Each structure stands twice: as structure tokens, then as C-alpha cells.
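A closer look at the structure
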Amino acid sequence: MTIRVVVADDQELVRSGFAMILDVQDDIEVVAEVGDGAAAVEAVRSLRPDVVLLDVRMPVLDGIAACRTITAQSACRTVMLTTFDSDEYVYEALHAGASGFLLKDVRRDDLVHAVRVVAAGESLLAPSVARRLIEEYTAATARSAGAAAGAALSAERLAVLTARERETLLHLGRGLSNAEIAAALTVSEHTVKSHVGNVLSKLGLRDRIQAVICAYETGLIAAGAVSGSGVSPSGE
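Definitions and limits used
Residues numbered from 1 in each chain as written. Predicted model: local features only at pLDDT ≥ 70, side-chain atom pairs only at ≥ 80, totals over all residues. Heavy atoms only, no water. Helix = DSSP H or I, 4+ residues; strand = E, 2+ residues; numbered from the N terminus. Buried < 20%, exposed > 50% of the residue type's maximum accessible area, 1.4 Å probe, protein only. Contact = heavy atoms within 4.5 Å. Areas by Shrake-Rupley, 256 points an atom, 1.4 Å probe, with all protein chains shown as cover. Patch = residues over 30% accessible without salt bridge, like charges linked within 9 Å, V, L, I, M, F, W, Y side chains within 5 Å. Salt bridge = Lys/Arg side-chain N within 4 Å of Asp/Glu carboxyl O. Lys, Arg positive; Asp, Glu negative; His and termini not counted. Charge placed at Lys NZ, Arg CZ, Asp CG, Glu CD. Pairing = 2+ DSSP bridges. Right-handed = clockwise from strand over helix to strand, strands pointing away.

1. Overview of the overall build of the protein chain
Regarding its fold elements, the protein chain presents 11 helices and six strands. The buried share of the protein chain, reckoned over its 236 residues, is 50%. Taking as baseline every contact in the protein chain between residues at least 6 positions apart, the subset at least 24 positions apart corresponds to 69%. Accessible area of the protein chain: about 10700 Å², with a carbon and sulfur share of 51%.

2. Considerations on a negative patch on the surface
On the surface, a cluster of negative charge is made up of Glu12, Asp23, Glu29 and Glu33. Along the chain, the position of aspartate 23 falls in helix α1 (residues 12-23). Judged by its relative accessible area of 41%, aspartate 23 falls in the partly exposed class.

3. Describing the pairing of strand β2 (residues 28-34)
The sheet contact formed by strand β1 (residues 3-8) and β2 spans six bridges and is parallel. Opposite isoleucine 3, over in β2, you have isoleucine 28 as the bridge partner. One crossover worth recording links β1 to the parallel β2 by way of α1, and it is right-handed.

4. Overview of the environment of valine 192
For valine 192, the location among the structural elements is in helix α10 (residues 189-203). Taking the relative accessible area as the measure of exposure, valine 192 reaches 0% and is therefore buried. In this structure, the C-alpha to C-alpha distance between valine 192 and threonine 168, residues 24 residues apart in sequence, is 7.6 Å. Beyond its immediate sequence surroundings of up to four residues, valine 192 is in contact with Asn178, Ile181, Ala182 and Val187.

5. As for the pattern of salt bridges
For the structure shown, the criterion picks out seven salt bridges. In this structure, the salt-bridge partner of aspartate 9 is lysine 104, at a minimum N-O distance of 3.0 Å. Within this pair, whereas aspartate 9 is found in the loop between β1 and α1, its partner lysine 104 is found in the loop between β5 (100-103) and α5 (108-119), the two being separated by 95 residues in sequence. For the pair formed by aspartate 9 and lysine 104, the shared burial category is buried. Two residues, arginine 116 and aspartate 27, come together in a salt bridge whose shortest N-O distance is 2.9 Å. Within this pair, whereas arginine 116 is found in helix α5, its partner aspartate 27 is found in the loop between α1 and β2, the two being separated by 89 residues in sequence.

Next up, the structure:
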């Protein structure tokens, strides 16, 4: 099966470079290259790609707004492209429906891998992006909601989980892969996949990225408390 991709970036060299890397893969076809968010939305509507790469900052319609429209109107999976240091508001794209984030200086092999992972229905964060995005999001949530509201949210939202599902969410929040969670819980990876599926279903979460955010949002993990490199780039 060929993965159909749209690349959206207002910098022609970046856009063309990503397209060239992807288009030479046997299982990937770049069906369009566009320079703004509105064109990306239109390309998704007309061409029905599997994945769209969206630069965060684009003219006419920015990447986050384009992501929100695309995920609301189609089954196309979105990956946000960011320079990270200058895109402090990128975390907003998590709730806009993004399936992942990559830095623009991503390595060739990691870019190809990311497209394949997202097309398969998984999610990813570049490890160097994960912690800051999460901490920015949870800091904003804490400022607006307050500690008491956060405690109530935690108790109410997580009450639907079993003890083992709660442990699974904790490990997801720490960025562990399924294999690592299986080792931590002393169970099989098949069992972990079942627990992850139950967590996502019970909490109404779309994917592992939202599970990470939920672990912070509910206070299960305190922002800044995670060690390691962040969410597994494989999403597995």
C-alpha cells in the first residue's frame, strides 16, 4: 500500500527537500507540495492523502488552524513541523488533532519513519520536543484552572481506570514504549496493547500523545518530573 503525502511549508527549499526525501521511497508518494495552510486544507480535500506535513507558521492560514480543519473534516493524519525554539505555542496543536511533531532539522531516516508510523495510526513526538510541549501545556492549564479544579479533574477522570490501567497511563506519560511498559509491569506486550487500548477508550483519548497530556493534566505526573528523552519516537 502506498502512503500518499502532502507537504505544506512556506519555505520552498524545506518543502522540496522533504518531498524529495519521501518521494523516492517505494511505499510513499508525495501528491502535492503547498506553501500555506489554506492550500494544505484544499489539497487534503481534493487529493485525500494519508498524511500531511504542516509547518506551524505559514501565511494565509497557520499550521495549527489548518490542522484543526483537516482533522475535523477528514481521516488524514497530521504531523507538525517546527523549529521548536521559536514556536512556543506549538502545544496548542495537540488539541487541534496533530498526530505528531518533528523538528525541521529531522534526519532523513527519521522523517521517513515518522510518516510510516503516523500513516499506520500511531503517534510520535520528537524526543527533544516532548518535555517542553507538555510542560508549556500543563503550565497554561494550571494557571487557568487552579489547583483545586485540577485535583477534582484528576479524581473524576481517572476513576474509570483499573489500577493496572492507571499504571499503564503513568508509564505512557513517562514516554515508555510498549516493550518498556511490559517489562515494568512484568506482562506481555500483547497485554500492554490491551491496557493502552482500554486507557484510550475509557478516557476518550485519540492516541498516545493525548494520553501523555492526560497524565500531566490530571496530575498523575507533575510537569518536569519525567526523566529520559520523552515520548518514544516510534509510538510503540
